[in-house]
Amino acid sequence: MGRYAWILCAGLVAAANVGCAQVENTPAPPPDVVLGHAKLADIRLADAKCPDNTDFTARIYILNSNYKPNPTNPGQYTPPFKPVNVLEPFNSNKNATMTQDLNDAFNKAPNWFRAHLCSLSGIYVSPAGCANFSTNNYQCQGMQGSIMKGAWGFRSFYNRGNPASPNYDLGNRYISVPARLWADRSGTATSHALAFNIFEDILLGELASWRDPIPGQTQGPHISLAATPNDSWITVLAAMAHEYGHV
Ligand SMILES: [Zn+2]
(Lines give C-alpha, C1' and ligand atoms only; values in the text may rest on other atoms or scores of the structure.)
Protein backbone atom coordinates (compact mmCIF):
# COMPACT_ATOMS: atom_id res chain seq x y z
CA MET A 1 0.00 0.00 0.00
CA GLY A 2 1.50 3.30 -1.08
CA ARG A 3 1.90 6.44 0.93
CA TYR A 4 -1.22 8.01 -0.53
CA ALA A 5 -3.28 4.92 0.04
CA TRP A 6 -2.38 5.15 3.72
CA ILE A 7 -3.38 8.78 3.77
CA LEU A 8 -6.75 7.90 2.27
CA CYS A 9 -7.28 5.08 4.71
CA ALA A 10 -6.39 7.29 7.63
CA GLY A 11 -9.44 9.29 6.68
CA LEU A 12 -11.65 6.25 6.86
CA VAL A 13 -10.81 4.98 10.30
CA ALA A 14 -13.77 6.50 12.04
CA ALA A 15 -16.45 5.01 9.83
CA ALA A 16 -17.11 1.97 7.67
CA ASN A 17 -13.99 0.88 5.89
CA VAL A 18 -15.46 -0.10 2.57
CA GLY A 19 -13.32 2.41 0.73
CA CYS A 20 -10.22 1.33 2.58
CA ALA A 21 -10.61 -2.25 1.46
CA GLN A 22 -11.03 -1.10 -2.10
CA VAL A 23 -7.88 1.02 -1.88
CA GLU A 24 -5.92 -1.95 -0.60
CA ASN A 25 -7.02 -4.07 -3.54
CA THR A 26 -6.09 -1.49 -6.11
CA PRO A 27 -2.89 -2.05 -8.08
CA ALA A 28 0.08 0.14 -7.35
CA PRO A 29 -0.13 3.58 -8.95
CA PRO A 30 1.63 4.07 -12.28
CA PRO A 31 5.34 4.80 -11.93
CA ASP A 32 5.09 8.48 -12.79
CA VAL A 33 6.79 9.58 -9.59
CA VAL A 34 10.40 8.54 -9.25
CA LEU A 35 12.62 9.25 -6.29
CA GLY A 36 14.72 12.29 -6.97
CA HIS A 37 12.16 13.81 -9.31
CA ALA A 38 9.71 16.59 -8.59
CA LYS A 39 7.30 15.98 -5.76
CA LEU A 40 3.79 14.88 -6.60
CA ALA A 41 2.36 18.26 -5.71
CA ASP A 42 4.85 20.03 -7.95
CA ILE A 43 3.94 18.15 -11.09
CA ARG A 44 0.16 17.98 -10.63
CA LEU A 45 -0.87 21.41 -9.40
CA ALA A 46 -3.04 23.62 -11.58
CA ASP A 47 -4.15 20.72 -13.68
CA ALA A 48 -7.63 19.75 -12.41
CA LYS A 49 -8.56 18.07 -15.65
CA CYS A 50 -10.17 14.73 -16.24
CA PRO A 51 -8.73 12.43 -18.93
CA ASP A 52 -11.17 13.86 -21.49
CA ASN A 53 -9.69 17.31 -20.76
CA THR A 54 -12.82 18.65 -19.08
CA ASP A 55 -12.58 20.45 -15.73
CA PHE A 56 -12.96 18.26 -12.68
CA THR A 57 -15.19 20.85 -11.02
CA ALA A 58 -17.52 20.78 -14.04
CA ARG A 59 -18.67 17.38 -12.74
CA ILE A 60 -19.73 18.79 -9.38
CA TYR A 61 -23.25 19.95 -8.50
CA ILE A 62 -24.72 21.53 -5.40
CA LEU A 63 -27.54 19.38 -4.08
CA ASN A 64 -30.80 20.45 -2.61
CA SER A 65 -30.30 20.09 1.14
CA ASN A 66 -33.28 17.75 1.51
CA TYR A 67 -32.22 15.29 -1.18
CA LYS A 68 -31.75 11.73 0.03
CA PRO A 69 -31.18 8.68 -2.14
CA ASN A 70 -33.87 6.96 -0.02
CA PRO A 71 -32.17 3.59 0.06
CA THR A 72 -34.85 2.16 2.35
CA ASN A 73 -37.70 3.38 0.21
CA PRO A 74 -36.87 2.70 -3.43
CA GLY A 75 -40.30 3.82 -4.59
CA GLN A 76 -39.32 7.38 -3.71
CA TYR A 77 -35.93 7.28 -5.38
CA THR A 78 -35.05 9.85 -7.98
CA PRO A 79 -31.55 10.25 -9.42
CA PRO A 80 -29.58 13.09 -7.85
CA PHE A 81 -29.11 14.79 -11.23
CA LYS A 82 -32.82 15.52 -11.62
CA PRO A 83 -33.34 19.31 -11.69
CA VAL A 84 -35.59 19.17 -8.63
CA ASN A 85 -32.72 17.66 -6.62
CA VAL A 86 -30.01 20.12 -7.64
CA LEU A 87 -29.56 23.74 -6.64
CA GLU A 88 -27.07 24.49 -9.39
CA PRO A 89 -23.87 23.30 -11.04
CA PHE A 90 -20.86 24.05 -8.89
CA ASN A 91 -19.76 27.58 -9.72
CA SER A 92 -16.05 28.11 -9.18
CA ASN A 93 -16.58 31.88 -9.35
CA LYS A 94 -18.66 31.86 -6.19
CA ASN A 95 -16.13 30.51 -3.71
CA ALA A 96 -12.46 30.54 -4.69
CA THR A 97 -11.20 28.71 -1.61
CA MET A 98 -13.76 25.92 -1.90
CA THR A 99 -12.78 25.57 -5.55
CA GLN A 100 -9.13 25.45 -4.60
CA ASP A 101 -9.69 22.74 -1.99
CA LEU A 102 -11.65 20.59 -4.45
CA ASN A 103 -9.08 21.06 -7.18
CA ASP A 104 -6.15 20.48 -4.83
CA ALA A 105 -7.76 17.29 -3.54
CA PHE A 106 -8.15 16.10 -7.11
CA ASN A 107 -4.72 17.20 -8.25
CA LYS A 108 -2.91 15.61 -5.35
CA ALA A 109 -4.73 12.30 -5.56
CA PRO A 110 -2.95 9.44 -7.31
CA ASN A 111 -3.73 9.21 -11.00
CA TRP A 112 -5.71 6.01 -10.57
CA PHE A 113 -8.04 7.67 -8.09
CA ARG A 114 -8.41 10.74 -10.27
CA ALA A 115 -9.56 8.42 -13.04
CA HIS A 116 -12.07 6.84 -10.64
CA LEU A 117 -13.47 10.25 -9.70
CA CYS A 118 -13.74 11.26 -13.34
CA SER A 119 -15.60 8.04 -14.15
CA LEU A 120 -18.42 8.82 -11.70
CA SER A 121 -21.83 9.77 -13.04
CA GLY A 122 -21.95 12.72 -10.68
CA ILE A 123 -20.15 14.35 -7.76
CA TYR A 124 -22.24 16.40 -5.37
CA VAL A 125 -21.78 18.80 -2.50
CA SER A 126 -24.64 18.57 0.00
CA PRO A 127 -25.62 21.44 2.29
CA ALA A 128 -27.79 19.05 4.38
CA GLY A 129 -25.59 19.58 7.44
CA CYS A 130 -25.71 23.37 7.19
CA ALA A 131 -28.43 25.30 8.99
CA ASN A 132 -27.87 28.03 6.42
CA PHE A 133 -26.23 27.72 3.05
CA SER A 134 -26.15 30.74 0.84
CA THR A 135 -26.07 29.72 -2.79
CA ASN A 136 -24.55 33.09 -3.64
CA ASN A 137 -21.38 32.66 -1.68
CA TYR A 138 -21.49 28.91 -0.99
CA GLN A 139 -20.99 29.37 2.74
CA CYS A 140 -22.11 26.67 5.13
CA GLN A 141 -23.18 28.20 8.41
CA GLY A 142 -24.65 26.52 11.47
CA MET A 143 -24.65 22.80 12.09
CA GLN A 144 -27.32 20.18 11.62
CA GLY A 145 -26.38 16.66 12.65
CA SER A 146 -23.21 14.81 11.76
CA ILE A 147 -20.19 16.32 10.07
CA MET A 148 -20.92 13.83 7.27
CA LYS A 149 -24.66 14.55 7.03
CA GLY A 150 -25.70 14.48 3.39
CA ALA A 151 -22.63 12.47 2.37
CA TRP A 152 -23.13 9.19 0.56
CA GLY A 153 -21.91 7.08 -2.31
CA PHE A 154 -24.01 4.58 -4.23
CA ARG A 155 -24.56 2.72 -7.46
CA SER A 156 -28.12 2.91 -8.74
CA PHE A 157 -30.18 -0.19 -9.25
CA TYR A 158 -33.71 0.90 -8.35
CA ASN A 159 -35.00 1.62 -11.83
CA ARG A 160 -33.74 -1.45 -13.61
CA GLY A 161 -36.12 -2.99 -16.11
CA ASN A 162 -37.60 0.27 -17.27
CA PRO A 163 -35.17 2.17 -19.49
CA ALA A 164 -38.05 4.40 -20.61
CA SER A 165 -38.52 5.75 -17.10
CA PRO A 166 -37.44 9.38 -16.72
CA ASN A 167 -35.64 8.21 -13.59
CA TYR A 168 -33.73 5.43 -15.33
CA ASP A 169 -30.11 5.50 -14.22
CA LEU A 170 -29.26 1.84 -13.78
CA GLY A 171 -25.60 1.42 -12.95
CA ASN A 172 -24.89 5.11 -12.48
CA ARG A 173 -22.44 5.82 -9.67
CA TYR A 174 -22.59 8.93 -7.51
CA ILE A 175 -20.90 10.43 -4.49
CA SER A 176 -21.82 13.37 -2.29
CA VAL A 177 -19.58 15.20 0.17
CA PRO A 178 -20.81 17.62 2.83
CA ALA A 179 -20.62 21.37 2.45
CA ARG A 180 -20.02 21.27 6.19
CA LEU A 181 -16.41 20.35 5.52
CA TRP A 182 -16.09 24.07 4.89
CA ALA A 183 -17.43 25.11 8.29
CA ASP A 184 -15.50 24.95 11.55
CA ARG A 185 -16.52 22.82 14.52
CA SER A 186 -18.91 25.47 15.76
CA GLY A 187 -20.62 25.67 12.38
CA THR A 188 -19.07 28.97 11.37
CA ALA A 189 -18.19 29.27 7.70
CA THR A 190 -14.46 29.24 7.08
CA SER A 191 -12.50 30.03 3.97
CA HIS A 192 -10.97 26.55 3.55
CA ALA A 193 -12.15 23.10 4.53
CA LEU A 194 -11.33 21.84 8.01
CA ALA A 195 -7.77 20.80 8.69
CA PHE A 196 -7.50 17.05 8.42
CA ASN A 197 -6.97 16.39 12.13
CA ILE A 198 -9.95 18.56 13.08
CA PHE A 199 -12.12 16.69 10.60
CA GLU A 200 -10.98 13.38 12.09
CA ASP A 201 -11.42 14.76 15.56
CA ILE A 202 -15.05 15.63 14.89
CA LEU A 203 -15.71 12.26 13.22
CA LEU A 204 -14.16 10.33 16.09
CA GLY A 205 -15.92 12.55 18.61
CA GLU A 206 -19.26 11.53 17.13
CA LEU A 207 -18.47 7.89 17.73
CA ALA A 208 -16.18 7.81 20.73
CA SER A 209 -17.83 7.84 24.12
CA TRP A 210 -14.46 8.25 25.83
CA ARG A 211 -14.34 11.85 24.73
CA ASP A 212 -15.69 13.30 27.98
CA PRO A 213 -16.73 16.92 27.93
CA ILE A 214 -14.42 19.52 29.36
CA PRO A 215 -16.28 21.41 32.12
CA GLY A 216 -18.10 24.27 30.49
CA GLN A 217 -17.72 22.82 27.01
CA THR A 218 -19.82 20.38 25.10
CA GLN A 219 -16.89 18.39 23.74
CA GLY A 220 -13.86 16.86 25.36
CA PRO A 221 -10.20 17.35 24.49
CA HIS A 222 -9.06 16.64 20.98
CA ILE A 223 -8.44 12.97 20.33
CA SER A 224 -6.43 13.33 17.15
CA LEU A 225 -3.17 15.16 16.66
CA ALA A 226 -2.22 17.39 13.77
CA ALA A 227 -1.08 15.42 10.74
CA THR A 228 1.76 16.42 8.44
CA PRO A 229 0.68 17.68 5.99
CA ASN A 230 -2.61 18.75 7.50
CA ASP A 231 -4.12 20.71 4.67
CA SER A 232 -7.73 21.22 3.73
CA TRP A 233 -7.38 19.23 0.53
CA ILE A 234 -6.61 16.07 2.53
CA THR A 235 -9.94 16.43 4.31
CA VAL A 236 -11.77 16.83 1.01
CA LEU A 237 -9.89 13.92 -0.56
CA ALA A 238 -10.54 11.71 2.48
CA ALA A 239 -14.27 12.44 2.26
CA MET A 240 -14.40 11.74 -1.49
CA ALA A 241 -12.35 8.55 -1.08
CA HIS A 242 -14.61 7.28 1.68
CA GLU A 243 -17.75 7.86 -0.36
CA TYR A 244 -16.17 6.36 -3.44
CA GLY A 245 -15.71 3.20 -1.41
CA HIS A 246 -19.48 2.83 -1.29
CA VAL A 247 -19.99 2.73 -5.05
ZN1 LIG B 1 -19.55 5.63 4.64
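A short tour of the structure in this document, coming up. (Residues numbered from 1 in each chain as written. Predicted model: local features only at pLDDT ≥ 70, side-chain atom pairs only at ≥ 80, totals over all residues.)

## Considering helix α7 (residues 232-244)
Spanning 13 residues, α7 covers 19 Å between terminal C-alpha atoms, matching the ideal 18 Å at 1.5 Å per step. In terms of burial, α7 is a largely internal element, 13 of the 13 residues being buried. (Helix = DSSP H or I, 4+ residues; strand = E, 2+ residues; numbered from the N terminus. Expected span 1.5 Å × (residues − 1). Buried ≥ 20, exposed ≤ 12 C-beta atoms within 10 Å, placed from the backbone.)

## So, the environment of Pro69
Take Pro69: it is sitting in the loop between β1 (60-63) and β2 (86-89). Given 20 C-beta atoms within a 10 Å radius, Pro69 is considered buried. C-alpha of Pro69 to C-alpha of Phe154: the two residues are 85 residues apart in sequence and 8.5 Å apart in space.

## A closer look at the nonpolar core
Within the largest apolar cluster, 49 residues are counted, with the highest numbers of intra-cluster contacts made by Leu181, Val236, Leu237 and Met240. Those elements giving two or more residues to this core turn out to be β1, α4 (96-108), β3 (122-126), β4 (130-134), β7 (173-178), α6 (196-207) and α7. Per-element accounting of this core gives the leading share, 9 residues, to α7. Setting aside residues up to four positions removed in sequence, Val236 forms contacts with Asp101, Leu102, Ala105, Val177, Leu181 and Ala193. (Core = buried A, V, L, I, M, F, W, Y, C linked by C-beta atoms within 7 Å. Contact = placed C-beta atoms within 7 Å.)

## Considering the sheet that holds strand β6 (residues 152-155)
Taken together, the 5 strands give an open sheet; going across it, the order is β2-β1-β3-β7-β6, and neighbouring strands pair in mixed fashion. Looking at strand neighbours, the two that pair on one side only are β2 and β6, the edges of this open sheet. On average, each strand axis in the sheet is tilted by 25° relative to the strand beside it, whichever way the strands run. When β6 meets β7, the two strands line up antiparallel, connected through 4 bridges. In the strand pairing of β7, Arg155 is matched with Arg173. Strands in contact with α7 are β6 and β7; relative to β7, the strand with the most contacts, it is inclined by about 145°. (Pairing = 2+ DSSP bridges. Axes fitted to C-alpha atoms, helices over the stretch in contact; angles between N-to-C directions.)

## Here we look at the pairing of β4
Each regular strand shows side chains that alternate between the opposite faces of the sheet. The pairing of β4 with strand β5 (residues 139-143) spans 4 bridges and is antiparallel. Along β5, the bridge assignment pairs Phe133 with Cys140.

In short, shape yes, function no, at least from these values alone.
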